[in-house]
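# Observations on chain architecture
Residues per chain, in single letters:
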Amino acid sequence: MSKKLLLKDAHIEGIRYFETYRKQGGYTAAEKALKMTPDEILEEVKASGLRGRGGAGFPTGMKWSFLAKPEGVPRHLVVNADESEPGTFKDRYLMEFLPHLLIEGMLISSFCLGSNTSYIYIRGEYSWIPDILEEAIEEAKAAGFLGKNILGTGFDLEIYVQRGGGAYICGEETALLESLEGKRGNPRLKPPFPAVKGLWERPTVVNNVESIAAIVPIIDITGAEYAKIGVGRSTGTKLISACGNINKPGVYEIDMTITVEEFIYSEEYCGGIKDGKRLKACIPGGSSVPIVPANLLLKTVNGEPRYMNYESLADGGFATGTMMGSGGFIVLDEDQCIVDHTMTLARFYNHESCGQCTPCREGTGWMYKILKKIEKGEGKMEDIDLLWDIQRKIEGNTICPLGDAAAWPVAAAIRHFRDEFEWHIKNPELSQTQNYGLAHY
Ligand code: SF4
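Residues numbered from 1 in each chain as written. Predicted model: local features only at pLDDT ≥ 70, side-chain atom pairs only at ≥ 80, totals over all residues. Heavy atoms only, no water.

## Quick notes on the confidence of the model for the protein
Residues at a pLDDT of 70 or more form 96% of the protein, whose mean pLDDT is 93. With a pTM of 0.94, the predicted complex shows an ipTM of 0.99. (pLDDT = per-residue confidence, 0-100.)

## Considering the sheet that holds strand S9 (residues 279-283)
Read from one edge of the open sheet, 5 strands run S8-S7-S11-S9-S10, paired in mixed fashion. Each edge of the open sheet carries a strand with a single partner, namely strand S8 (250-254) and strand S10 (292-293). In the sheet, strand S7 (residues 238-244) pairs with S8 via 5 bridges, with the strands oriented antiparallel. What sits directly across from isoleucine 240, in S8, is tyrosine 252. (Pairing = 2+ DSSP bridges. Helix = DSSP H or I, 4+ residues; strand = E, 2+ residues; numbered from the N terminus.)

## As for the environment of isoleucine 41
Looking at where isoleucine 41 falls in the secondary structure, it is placed in helix H3 (residues 38-48). Each C-alpha atom, one on isoleucine 41 and one on glycine 223, is 9.2 Å from the other, the two residues being 182 residues apart in sequence. In contact with isoleucine 41, other than residues within four places in its own chain, are Ala33, Met36, Ile108, Phe111, Cys112 and Ile219. (Contact = heavy atoms within 4.5 Å.)

## Topic: the pairing of strand S11 (residues 328-333)
Within S11, 6 of the 6 residues are buried, which leaves it mostly tucked inside the rest of the structure. Side chains Gly328, Ile330 and Leu332 project from S11 onto one buried face, and the interleaved Phe329, Val331 and Asp333 project onto a second face that is buried too. In the sheet, S7 pairs with S11 via 4 bridges, with the strands oriented parallel. Bridge assignment links cysteine 243 to a residue of S11, and that residue is isoleucine 330. Sheet topology note: the S9/S11 ladder contains 4 bridges and is antiparallel. Bridge pairing in S11 places leucine 279 opposite aspartate 333. (Buried < 20%, exposed > 50% of the residue type's maximum accessible area, 1.4 Å probe, protein only.)

## Some remarks on the sheet that holds strand S1 (residues 76-81)
With respect to topology, 4 strands assemble into an open sheet ordered S3-S2-S1-S4, the strand pairing being parallel. Only two strands of the sheet have a single neighbouring strand rather than two, namely strand S3 (158-163) and strand S4 (204-208). On average, each strand axis in the sheet is inclined to that of its neighbour by 20°, with strand direction left out of account. Here 4 bridges tie S1 to strand S2 (residues 117-122), and the two strands are oriented parallel to one another. (Axes fitted to C-alpha atoms, helices over the stretch in contact; angles between N-to-C directions.)

## Overview of the packing of aromatic side chains
Going through the model one piece at a time under the given rule, you end up with 17 aromatic pairs. Centroid distance tyrosine 93 to phenylalanine 97: 4.8 Å. Interplanar angle 50°. Geometry classified as tilted. Of the two residues, tyrosine 93 and phenylalanine 97 both sit in helix H5 (residues 90-97), 4 residues apart, roughly one turn of that helix. On the basis of relative accessible area, phenylalanine 97 is assigned to the partly exposed category, the value being 35%. Here a set of aromatic residues connected by ring pairs shows up, and it is made of Phe18, Tyr21, Tyr27 and Phe145. Looking at arginine 51, its charged tip hangs above the ring of tyrosine 310, at a distance of 4.1 Å from the centre. (Phe/Tyr/Trp six-rings, centres within 6.5 Å; stacked < 30°, edge-to-face > 60°. Lys NZ or Arg CZ within 6 Å of the ring centre and 35° of its normal.)

## Points about a nonpolar patch on the surface
Judged by side-chain polarity, Phe58, Met62 and Phe66 come together as a nonpolar surface patch covering roughly 290 Å² of accessible area. Checked against the element boundaries, phenylalanine 58 lands in the loop between H3 and helix H4 (60-65). On the basis of relative accessibility, which here comes to 38%, the residue phenylalanine 58 falls in the partly exposed class. (Patch = residues over 30% accessible without salt bridge, like charges linked within 9 Å, V, L, I, M, F, W, Y side chains within 5 Å. Areas by Shrake-Rupley, 256 points an atom, 1.4 Å probe, with all protein chains shown as cover. Salt bridge = Lys/Arg side-chain N within 4 Å of Asp/Glu carboxyl O.)

## Side note on empty space enclosed by the protein
The tally for this structure, following the rule as stated, stands at 1 cavity of 30 Å³ or more. Of the pockets and cavities examined, the largest cavity occupies roughly 70 Å³. Looking at the largest cavity, it is lined by 13 residues, and the ones nearest its centre are Cys354, Cys357, Cys360, Cys400 and Leu402. Class assignment for the residues of the lining of the largest cavity results in 8 nonpolar, 5 polar and no charged. (1 Å grid on protein atoms, 1.4 Å probe; cavity = no way out; pocket = protein on both sides within 12 Å on 5 of 7 lines; lining within 4 Å. Points joined across faces, edges and corners; volume = space filled by probe spheres on them. Nonpolar A, V, L, I, M, F, W, Y, C, P; charged D, E, K, R; others polar.)

## Quick word on the site of the ligand
Within the structure, the ligand sits among 13 residues, and Cys354, Gln356, Cys357, Cys360 and Cys400 are positioned closest to it. Here the ligand occupies the largest cavity. Along the lines of polarity and charge, the residues of the shell around the ligand split into 8 nonpolar, 5 polar and no charged. (Near = heavy atom within 4 Å. Sits in = over half its atoms within 2 Å of the grid points.)

## Quick notes on the side chain of serine 179
Note on placement: serine 179 falls in helix H8 (residues 173-180). Here serine 179 falls in the buried class, since its relative accessible area comes to 18%. Apart from the residues within four sequence positions on either side, serine 179 is in contact with Tyr121, Cys170 and Gly185.

## Focus on H8
Of all 8 residues in H8, 8 are buried, a share of seventy percent or more. Taken residue by residue, H8 has Glu173, Thr174, Ala175, Leu176, Leu177, Glu178, Ser179 and Leu180 as its buried positions. Buried residues along H8 sit against H4, S1, S2, S3 and S4. Directly beyond the C-terminal end of H8, a positive phi value near 95° is found at glycine 182.

## Some remarks on unusual backbone geometry
In this structure, proline 191 follows lysine 190 across a cis peptide bond, with omega equal to -5°. If you trace the backbone, proline 191 turns up in the loop between H8 and S4. Each neighbour pair has its own omega, and for proline 191 with proline 192 the value is 5°, a cis peptide bond. Turning to its location among the elements, proline 192 is positioned in the loop between H8 and S4. The backbone of threonine 222 sits at a positive phi, close to 85°, despite the residue not being glycine. Along the polypeptide, threonine 222 turns up in the loop between helix H9 (209-221) and helix H10 (223-228). Residue threonine 222 is classed as partly exposed on the basis of its relative accessible area of 28%. Phi is positive for aspartate 275, which is not a glycine, with a value near 55°.

Shown next as structure tokens:
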């Protein structure tokens, strides 16, 4: 059984409220941190090996150490709660059931970074959660953990919740900052990076909800102890939101030492494939990461078991592996059509493109149209090469990672399931009524 750090108290009735959270030891990590220096906290975060839980996996301690500290200029912490990646809903769970864990993590992080005004930018569709967060903020303030002179330390902190308008692109950190400033959420050219010029051109750290929540156990048990959980550079625990054709969809906390096979089939996690069907493929890190066929998902190219961690999932690079990404684990059974699935994703990215860069604005639309044609049985063989060519021209040629996110699912689908694309083209009459099935793989 995986060790629980974030969700250990999630089952306790009333844990959403300050009184119950406090009774379970809540805010003791904050009390401990406020007796430390900001540099000591930063060293603990670095020692923990925590990697950003939003998708990129960049070391959090290193990100914090980049924060510029010019004299007299305010700094900000912004929590990215714009969780819009298809298949990803773990931050929603944290905010809905454990809001004080996030507030406590923000208090510690803001103290470390020197932010007296911090923000939670939350996805517009999570319409019921801002009230939960604002209630938790008021409770924390009434108990002296927010506001002026927190616990007599002289440190002041206000936290504001800002609702997004429902655009996926606002999950990109610079688009989020634009939106937070009241502008259209267009990603900015980098550099300058937010650590130097972020919110209102002030030094800013933008971190995912889960990353900030993880600061609480890191301070609680120390960074060194946190780093002992997991394996290699995949330290600590990770939340996974599992969905698709499985028996037990939900949010799970894993310690990144379990295999993919165990995660899918054990009763503790996904409980196996629904209706006794067979596994066809999986997208383990949210819709932006490459899809992996079952044979490569359960084992690496070297025949080793594949583990639920950053290194093992990426083993073999994008040719065979994939990424941990945001932890949105989407399972596809033998009845799922890869062309249809890829087309749905292409439509999503086309719809969510902000339109600033030509390769993304035009390319995502072309990919969607070609995939739709193939799915309807109206494609030609050369369309597959055209699709491949378009995704190559998008990848790496755009302002923000949405371009790559749109290109990778198409590339991986063609790489691993080219036969299925060809079958649609060769069998136009069957294309919409039947699936290629699993027997071919
Ligand atoms: Fe906008 Fe797409 Fe360019 Fe990102 S890659 S800035 S979403 S057009």
